[in-house]
Amino acid sequence: MTTTKPILMTRDLLQIVDLSATEIAELFALSARMKSNYADYATALAQRSLAMLFEKPSLRTRVSFELGFQKLGGGVTFLDHQSSPIGGREPVEDYARNLSRWVDVVAIRCQSHQLLQRFAAASSVPVINALSDLHHPCQALADLFTLVETGIPVEQLHLVWVGDGNNVCHSLIETVATIGGRMTVITPPSCKPPIEIMRVADARACRSGARIVCTADLGAVTGADAVYTDVWVSMGEEARATEKIALLTPYRVDGALMKRAGSQARFMHCLPAKRGEEVTAEVIDSPASIVFDQAENRMHVQNALMLALLRPDLARGAIAHPHAALTP
Ligand code: CP
Ligand code: NVA
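Residues numbered from 1 in each chain as written. Chains lettered and ligands numbered in written order. Predicted model: local features only at pLDDT ≥ 70, side-chain atom pairs only at ≥ 80, totals over all residues. Heavy atoms only, no water.

S.K.: If you had to explain the pairing of strand β8 (residues 226-229) to someone new, which residues and values would you point to?
M.R.: Of the two faces of β8, both are covered, the one formed by Ala-226 and Tyr-228 as well as the one formed by Val-227 and Thr-229. Across three bridges, the pairing between strand β5 (residues 158-162) and β8 is parallel. Among the inter-strand pairings, Trp-161 is bridged to a residue of β8, identified as Tyr-228. Sheet topology places β8 next to strand β9 (residues 266-269); four bridges connect them, and they run parallel. If you follow Val-227 over to β9, its bridge partner there is Phe-267. (Buried < 20%, exposed > 50% of the residue type's maximum accessible area, 1.4 Å probe, protein only. Helix = DSSP H or I, 4+ residues; strand = E, 2+ residues; numbered from the N terminus. Pairing = 2+ DSSP bridges.)

Take a look at the structure:
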């Protein structure tokens, strides 16, 4: 039993606003430390277990959580929706109480963010959102960590989102609002992020000095440090595919849009991508694209998060100077 002071005030990570700016800076410092030296952490989570509950398909999230936790010496069990549906054979709360008796942390990918909140409320071990209809916090942490690694100081960063104002977009908005910098969200009016997300972001931005702007004007891409897009039809909204493709076709990220952004602009995507739909192959396969750095960093930031949650004693040494991680 460790008695070290916790690093994170939250027990769960359901959305980015569960974290403060300092906590994100500390997680980035720890991510950088772990990424450069896994040997020091090979047994950090020995005897600890992670359960993963996934209602939806995954490549990056599944592999990065599973192999990441094993890299730290822990054991993992994967529960798919077919064999162990959440809320299928028993109430969500009973599912959470059972798992809490066997494992130390749970990562959940599910459709309903509300279900995730119910699960977390009943769980006595930390719950991590591995994607819900509303948020994808681990993705956004990896993305901002990736941008910090490029050397752009956070307060000068201009991230431009183009396309559907979806779960990944919501988490990026909350991250930039929390740590500072600038984010422009370019979507058709009917695809913009909901008012609840913007309200939370505005409150955070008042403290951090971040500037978050929503517009339908593609001209706002000019000067972006990074242009970010995601699929137009997220998992679970396939019934709206025709409508969304029609609405979003003018918002495809192609060579002309990247040129409008400027030669400094990187291209970002959480993946999986549909070449020819939200992004052209010439853009995603260009030298400006940092999509696989983002994918790699999923593992490092998730490992930092799990170490901070489960072994703050080991995590603390790495984060003596967290702000160094935000201003390289
Ligand atoms: N970016 C991401 O979450 O990928 P997967 O859906 O493959 O996990
Ligand atoms: N917005 C996408 C992200 C996939 C990682 C979805 O929810 O399907």
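From this point, the discussion proceeds with the structure in view.
S.K.: Talk me through the site of ligand 2; I want residue IDs and the actual numbers.
M.R.: Every residue close to ligand 2 is listed here: Leu-131, Asn-166, Asn-167, Val-168, Asp-230, Val-231, Ser-234, Met-235 and Leu-271. Asn-167 has a polar side-chain atom sitting 2.8 Å from an oxygen atom of ligand 2. Here ligand 2 has 270 Å² of accessible area as a free molecule, and 95% of this is covered by the chains. Taken together, the residues that form the shell around ligand 2 break down as five nonpolar, three polar and one charged. (Near = heavy atom within 4 Å. Polar contact = N/O pair within 3.5 Å; in protein donor to acceptor, adjacent residues only side chain to side chain. Areas by Shrake-Rupley, 256 points an atom, 1.4 Å probe, with all protein chains shown as cover. Nonpolar A, V, L, I, M, F, W, Y, C, P; charged D, E, K, R; others polar.)

S.K.: Could you give me a rundown of the nonpolar core, with the residues and numbers involved?
M.R.: Within the largest apolar cluster, 67 residues are counted, with the highest numbers of intra-cluster contacts made by Phe-65, Leu-141, Leu-159, Leu-172, Ile-173 and Met-183. Here Ile-173 is in contact with Met-183, Val-185, Pro-193, Ile-197, Met-198, Ala-201 and Ile-212, once residues within four sequence places are set aside. Counting residues in hydrophobic clusters, the runner-up holds 22 residues, among them Cys-191, Val-221, Val-253 and Val-283. (Core = buried A, V, L, I, M, F, W, Y, C linked by side-chain atoms within 4.5 Å. Contact = heavy atoms within 4.5 Å.)

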